[in-house]
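Close look at the chain arrangement
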Amino acid sequence: MPNDFSESEEISIPDQLPLLPVRDVVVYPYMILPLFVGREASIKAVNEALAKDRLIFLAAQREIADENPAPESIYPIGTIAMIMRMRKLPDGRVKILVQGLMKGTAVDFVQEKPFYVAKVKQIKEKNASREQVEVEAVMRTVKEQLEKIISMGRVLSPDILMVVDDITDAGRLADLVASNLGLKVAEAQELLEIFDPVDRLRKVNEILIKELEILAMQARIRSQARDEMTKSQREYFLREQIRAIKTELGDNESKSEEIAELRAKIEAANMPEEVYQEAIKQAGRLERMHQDASEATIVRTYLDWLVDIPWSKTTQDNLDLIIAQKVLDEDHFGLKKIKERILEFLAVRKLKPGGKGPILCFLGPPGVGKTSLGKSIAKAMGRRFVRISLGGVRDEADIRGHRRTYVGAMPGRIVQGLKQAGSNNPIFMLDEIDKLGADFRGDPAAALLEVLDPEQNFSFRDHYLNLPFDLSNVMFIATANMIDTIPAALRDRMEVITLAGYSEEEKLNIAKRFLLNKQIDENGLKPEQIEITDDAIERVVEQYTQESGLRNLERNIAGICRKVAKKFASGEAKSDKIVVNEASIPKYLGPPKNLKEEERERDEVGVVTGLAWTQFGGDILNIEVTMMKKMGGGVILTGSLGDVMKESAHTALSFIRSKAGFYGIDDKVFSRYEIHVHVPQGAIPKDGPSAGVTLATAILSLLTGNPVRKDVAMTGEVTLRGKVLPIGGVKEKTLAALRHGIKEIIIPYRNHKDLDDVPKELRKRCKFQLAKEVNEVFAEALVHDPMSGVSNSRNNARKLKKLEPILPVVPGRVSSAQLKNKVKFQPVNEVEPNGPFGAHFVFWGALKRQLHLPLLAIH
């Protein structure tokens, strides 16, 4: 195929051609150039042209960024072109080489999908109607101007001058020059739409004259800057170039206007006197500096921060306690202590408007609503709300900011948050304050000591500002999952309010009042299309969540709503309303994920249900104890136990050993057998002293063969004297017990004050046993009272002596060899056969009826 087409060649142009919208170039007739085609519709148009006669209509689009231009976004006048070559690129695009043939007009769009096909009308170029002398003069002028442009440094194709000398047609000369000047699309399109060759050439001449003026101005700017430049002032040379440009443009007044605007903002900011004097001083420095100096940028940024910070902007507090109570109740269910604390603050603020803002810390497991509660407090008080996340923050400068000597310095998060709030008394939430870190860059927790101290924060100094700011009007609210990781000095500055986990009744109410309506709306449903019964929600809470908070409950409700939405969207719904009941929950959420543990479905020896507190709420621990023969004795502790919990196990064992005779245990068992204590879920670290009574009960149960009740859970620290000491997390542990169907809980007597934190509806469902000593725990937890047989052992021995034949009796034990032929024995189901003494038996028949004995194990 030839590379060029002369005017004499006749090419048959069909009436309809595939149209290719071109982004950033206007193609002229006789112009050869490569095009990169990436849009799917454009590639299909190219393939259509190649499949036929290789002809395609190229038209520029009005907006370069438009990915899918509409017909009205494409210029109607374009160029009919021939595709000379095509190559597919690895990235999926297509590279084509096209040559313009003639101008054309898209009269109508015959097809828009999958690519444009336009009805094209050819445009015949007018012959030069002017006198030949005039045409020749314009052509020579254009050629001379083009030579001047190249001589002044404008980079053009090196062969263009030779090609221009051979062209005798005015229209072709205009198109050739225009295609090499790199014009903007709108300007190039304007040239394309001029059909008279001489007029088009005159327009090109005007563009060349303008380009010559720009090049001359650039040369003059370079000359002015070069005269003032020294060898050591290259940076100064660049600034002078910019200054010369601004001088030519008449922008000399911009600096004075900027300074005047800054001074006006300083006056309007109503700053404290010290801050005002510093701002005026820095504005004076900026005025004396060269506006392009590096220091000027630093000062300008500093002044922008000073005028944007709300030094005196204060929002009005909503002091109507009834309205505030209503807002808090609408957004959150329960949480009486926190709501009461906020109302107390509002009451004090109403009586004493100038009081300082409180510094609170919401402590609780994830998902109980700590962060959202801060938003509700801001809404109730009518204040702005700002939240910053402190999780993972390790740099002290994140709190206090960087000093201005550093490149890219900026204020800390406290000042940034105040600027974001736009007032000096917002609700400022410090989220995840327990997850602060520390490294060689400093300790951000130490930087917070000043922020959270009402006696100091009235003059907080950020390193960047280096000016005092009054934070006493700010109400700081921190959130944390664990109190232990917060430094003591920081913890002492905050009023800690604990948010325990929610009970099943609270979760049911929250789901009905908040979560269900929210998820129905977010999943495109209407309230009349779905109904989830209370029994269904209770089953989700019990068998699919097992959490202190509400996040998993909301996810499961969202899963149900999505599946219902799918039924309506696909037409599978058989009625206008779908009712989700308890029985249908597995169809939506799959099989239950949390079932009650099978091993505690009966009373067992050596297995005790303990209660534990975690940062995510309460949980239960089924502690297991067993024995093996081993010379030397000892104790094995497994289950990722911490040092404190290991010490509790040793303390419990020591107490049992010291009272072995009291409980009727043979001392030889400790030297012949090895005790193994295991706490399941070994991958989870466990620590703390509150499992002491649980460990002691498990060990005593094993050594005496006395089963532990399955419906009892316990918590408490034990001492070597058998005292039960108080523990923490009573409410969380109560919730954990109820989640697992346990209704009787043993707690230390000194924790009776903590029962006030447990809601009344929970206290009604539970039976709390208060224990001062571990023997009281044994009496409640073990199936058979371990004390009754021991306390009556002497009376039992006297009764045994009256029997015929007379048998010697050891207190608490009877020789099986002596009674073997005289008494009928029968194994008892409640006593485990794998205890330390082999098979255990109890008296039955006449012996038990005559003596009225409690169950006594016989060795």
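Residues numbered from 1 in each chain as written. Predicted model: local features only at pLDDT ≥ 70, side-chain atom pairs only at ≥ 80, totals over all residues. Heavy atoms only, no water.

A cluster of acidic residues, Glu144, Glu147, Asp165 and Asp166, forms a negative patch at the surface. Taken together, the elements giving at least two residues each to the negative patch come down to α2 (132-151) and α3 (160-166). Tracing the backbone shows Glu144 in helix α2. (Patch = residues over 30% accessible without salt bridge, like charges linked within 9 Å, V, L, I, M, F, W, Y side chains within 5 Å. Areas by Shrake-Rupley, 256 points an atom, 1.4 Å probe, with all protein chains shown as cover. Salt bridge = Lys/Arg side-chain N within 4 Å of Asp/Glu carboxyl O. Lys, Arg positive; Asp, Glu negative; His and termini not counted. Charge placed at Lys NZ, Arg CZ, Asp CG, Glu CD. Helix = DSSP H or I, 4+ residues; strand = E, 2+ residues; numbered from the N terminus.)

To continue, consider the confidence of the model for the protein. Predicted confidence across the protein gives a mean pLDDT of 80, with 85% of residues reaching 70 or more. Predicted confidence for residues 1-8 stays below pLDDT 50, and this span has 18 contacts to residues more than four positions away or in other chains. Confidence drops under pLDDT 50 across residues 789-859; counting only partners more than four residues distant or on other chains, this segment forms 90 contacts. (pLDDT = per-residue confidence, 0-100. Contact = heavy atoms within 4.5 Å.)

Our next topic: the pattern of salt bridges. For the structure shown, the criterion picks out 30 salt bridges. The partner of Asp91 in a salt bridge is Arg93, and the shortest N-O contact between them spans 2.8 Å. Residue classification places Arg93 among the partly exposed positions, given a relative accessible area of 34%. Across the pair Asp317 and Arg349 runs a salt bridge whose closest N-O atoms are separated by 3.5 Å. In this pair, Asp317 is assigned in the loop between α10 (294-308) and α11 (321-331) and Arg349 in helix α12 (residues 336-351), connecting sequence segments 32 residues apart. (Buried < 20%, exposed > 50% of the residue type's maximum accessible area, 1.4 Å probe, protein only.)

A few words now on the sheet that holds strand β12 (residues 475-480). Pairing within the open sheet is parallel, and its 5 strands lie in the order β8-β9-β12-β7-β13. Because the sheet does not close on itself, it has two edges, and the strands there are β8 (385-389) and β13 (495-498). Across the sheet, the mean angle separating the axes of adjacent strands is 20° when strand polarity is ignored. Where strand β7 (residues 359-363) lies against β13, 4 bridges are found, and the strand directions are parallel. Its bridge partner being in β13, Leu363 is matched across the sheet by Thr498. Running at roughly 150° to β8, helix α15 (residues 413-421) makes contact with β8 and β9 (427-431) of the sheet. (Pairing = 2+ DSSP bridges. Axes fitted to C-alpha atoms, helices over the stretch in contact; angles between N-to-C directions.)

By the secondary structure assignment, Thr719 is in the loop between β21 (717-718) and β22 (724-725). Ignoring sequence-local partners within four residues, the contact set of Thr719 consists of Thr651, Phe655 and Leu725.

Residues Leu306, Leu430, Ile433, Leu448 and Leu452 are the most contacted members of the largest nonpolar core, which totals 54 residues. Of the residues forming this core, the biggest block, 7 residues, is contributed by α10. Sequence-distant contacts of Leu448, defined by excluding residues within four places in its chain, comprise Leu390, Ile399, Leu430, Ile433, Leu436 and Leu490. (Core = buried A, V, L, I, M, F, W, Y, C linked by side-chain atoms within 4.5 Å.)

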